[in-house]
Amino acid sequence: MIRSRIALVAAAGTFALALLLGFTLSGASAMGGFQTASSYDDDIDDAKAQQEALEKKIEALEAELEDTDAAIVEAAKKLLETEAKLPAAQAELDEANDKVDEALVQQKLVADKLAAAEAQDQAISDQITADEARIDELQDIVAALARAQYQGVGDDEALGLVFGSTTSQEFIDAFAAEHNASRVQSNALADMEEIAAVNRNRGARQEAVRDYIVELKAEADALVVETQRLQAIAEEKKAALDAIIAEQTAIKKELEAQKAQAIAKQKELAAQQDATRDKIKELVKKKLAEEEAKRKAAEAAANNTGTIAKGVLAYPTAVPYITSSYGMRYHPVLHYWRLHAGTDFRAYCGTPIYAAREGRVQWSTWMSGFGNQVMVDHGIVNGKSLMTSYNHLTRSVVSSGQYVTQGQLLGYSGNTGTSTACHLHFEVYVNGDTVNPMTLIGG
């Protein structure tokens, strides 16, 4: 019975250890879990694409914010730039948090395996302690029997001395499987040898379990360090995202605070530009009056019914590329509609600007809002006054009163006046009123 119980316990211990070592194999790559491909790669790529799209919006914003206070222009551009950063920052934060969660799961798995290994170690120690106590008990029995035999006591009497039985019947009742003291002694010695052998095997298993415990503790310590590192990264990503959001909030407050003042400046600037255009109208009136006096009545009547056809003007740049067209447009920051009275051509700083038609330079000077401006009077075309203006130039190469031919160099593009980037703002006046330049340019 003792042998059967010991064998069963040993088998159970072997099975438990096998399960434990099985966990070791399955969990050996726990640290490798941090090397898996991120599920946020696509999100980050999408965020980068969104950022590129927003960068293009910033270029378009420069045209929309022409004639706007420089501080508001800069704040609006910064706001778009922060919006471009948000998707990527959020994706990076989500990825960092997922890695932290994965690390915490790995920590829990290793902690569970460590607890199981320590429990197995304790169980083996308890089994060894119990079997050593049994060996001590068997050694006492063998020694007692040996002393009794040495003293010449009979088997029944010896058993009585050892087990406290007063008769052979009592001994038989207590040990039905044993018939005499010699057999008890023999079985006791055999049991002692078997238990000692089992304990030696348990010791070997316990040594393996303890080695595994050392490995698990090292892995657990490494996981703690790795988790702390990942948590620090996640905190950095969170701080970066919070900084972007805080910057956005500050910019929005700044824009709101400047809005009223900017609208007032816009009205003042519009009034100044209107004054410039009124001056042009006065000039046109005088010119028309002079021309009317010179013409014959019949010719004047015929000419006054004519129209200026498309093609009377050439492009003012060698490589025309329109960035903003003539017409009403909505101010994205100040939230009101206004007329964009000309056509904007892409003209990087220093690009040559040419006369769209022959004529006389009315003036070449600084004009509020327009910056360096060249105004060319093309005279009367089909009974109507035709003039063109070239604005935001970095410098001009013509002077007032000078006659120019079509395609002659007038100056170089710039960023003067209320301009957000180097370009040409080209305006056309028919009888003193601005018209869409593209209705007269080209064939």
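A few points on the structure. (Residues numbered from 1 in each chain as written. Predicted model: local features only at pLDDT ≥ 70, side-chain atom pairs only at ≥ 80, totals over all residues. Heavy atoms only, no water.)

Each helix and strand in the protein chain was counted, giving seven helices and 12 strands. Classification of the 443 residues of the protein chain by burial places 39% in the buried group. A sequence separation of at least 24 residues applies to 73% of the contacts in the protein chain between residues at least 6 apart. Working note: accessible area of the protein chain is about 23,300 Å², and carbon and sulfur atoms make up 55% of it. (Helix = DSSP H or I, 4+ residues; strand = E, 2+ residues; numbered from the N terminus. Buried < 20%, exposed > 50% of the residue type's maximum accessible area, 1.4 Å probe, protein only. Contact = heavy atoms within 4.5 Å. Areas by Shrake-Rupley, 256 points an atom, 1.4 Å probe, with all protein chains shown as cover.)

Mapped onto the secondary structure, Ser324 falls in strand β1 (residues 322–324). Within polar-contact distance, the side chain of Ser324 engages the side chain of Arg329 at 2.4 Å. (Polar contact = N/O pair within 3.5 Å; in protein donor to acceptor, adjacent residues only side chain to side chain.)

Let us look at the pattern of salt bridges. The final tally for this structure, using the stated rule, is five salt bridges. Measuring nitrogen to oxygen at the nearest pair gives 2.9 Å for the salt bridge that ties Lys108 to Asp112. Placement of the pair is Lys108 and Asp112 together in helix α3 (residues 70–150), with a separation of four residues, close to one helical turn. When its relative accessible area of 39% is taken as the criterion, Asp112 is described as partly exposed. (Salt bridge = Lys/Arg side-chain N within 4 Å of Asp/Glu carboxyl O.)

Attention now goes to a nonpolar patch on the surface. A contiguous nonpolar surface patch, about 470 Å² in accessible area, is contributed by Met328, Tyr330, Trp337 and Leu339. Looking at the nonpolar patch, the elements that each hand over two or more residues are β2 (327–330) and β3 (337–340). Examined against the element boundaries, Met328 turns out to sit in strand β2. (Patch = residues over 30% accessible without salt bridge, like charges linked within 9 Å, V, L, I, M, F, W, Y side chains within 5 Å.)

Moving on to the packing of aromatic side chains. Two descriptors summarise a pair of aromatic rings, namely the distance from one centre to the other and the angle between the planes of the rings. Tallying each qualifying case throughout the model produces four aromatic pairs. Relative to Trp337, the ring of Tyr330 has its centre 5.4 Å away and its plane inclined at 55 degrees; by these criteria the two rings are tilted. The exposure class of Tyr330 is partly exposed, given its relative accessible area of 38%. Given the relative accessible area of 57%, Trp337 is considered exposed. Members of the aromatic cluster, each reached through a chain of ring pairs, are Tyr315, Phe345, Tyr390 and Phe426. (Phe/Tyr/Trp six-rings, centres within 6.5 Å; stacked < 30°, edge-to-face > 60°.)

Another aspect to go through is the state of the cysteines. Cysteine pairs can be covalently joined through their sulfur atoms, and such a bond is termed a disulfide. Counted under the stated rule, the structure contains one disulfide. With a sulfur-sulfur separation of 1.8 Å, Cys349 is cross-linked through a disulfide to Cys422. On the S-S bond that ties Cys349 to Cys422, the torsion sits near 85 degrees, and the link is right-handed. Taken as a pair, Cys349 in the loop between β4 (343–346) and β5 (352–354) and Cys422 in the loop between β10 (409–413) and β11 (423–430) lie far apart in primary sequence, 73 residues in all. (Disulfide = S-S within 2.5 Å.)

Attention now goes to unusual backbone geometry. One non-glycine residue, Asn382, lies in positive phi territory at about 55 degrees. Residue position: Asn382 is located in the loop between β7 (371–381) and β8 (384–396). For Asn382, a relative accessible area of 40% corresponds to the partly exposed category.

Another point: the nonpolar core. Core analysis: the largest hydrophobic core is formed by 24 residues, its most contacted members being Leu386 and Tyr390. Looking at which element gives the most residues to this core, the answer is β11, with four residues. Formed by 10 residues, the second largest nonpolar core is a distinct cluster that contains Val110, Ala117, Ile128 and Ile213. (Core = buried A, V, L, I, M, F, W, Y, C linked by side-chain atoms within 4.5 Å.)

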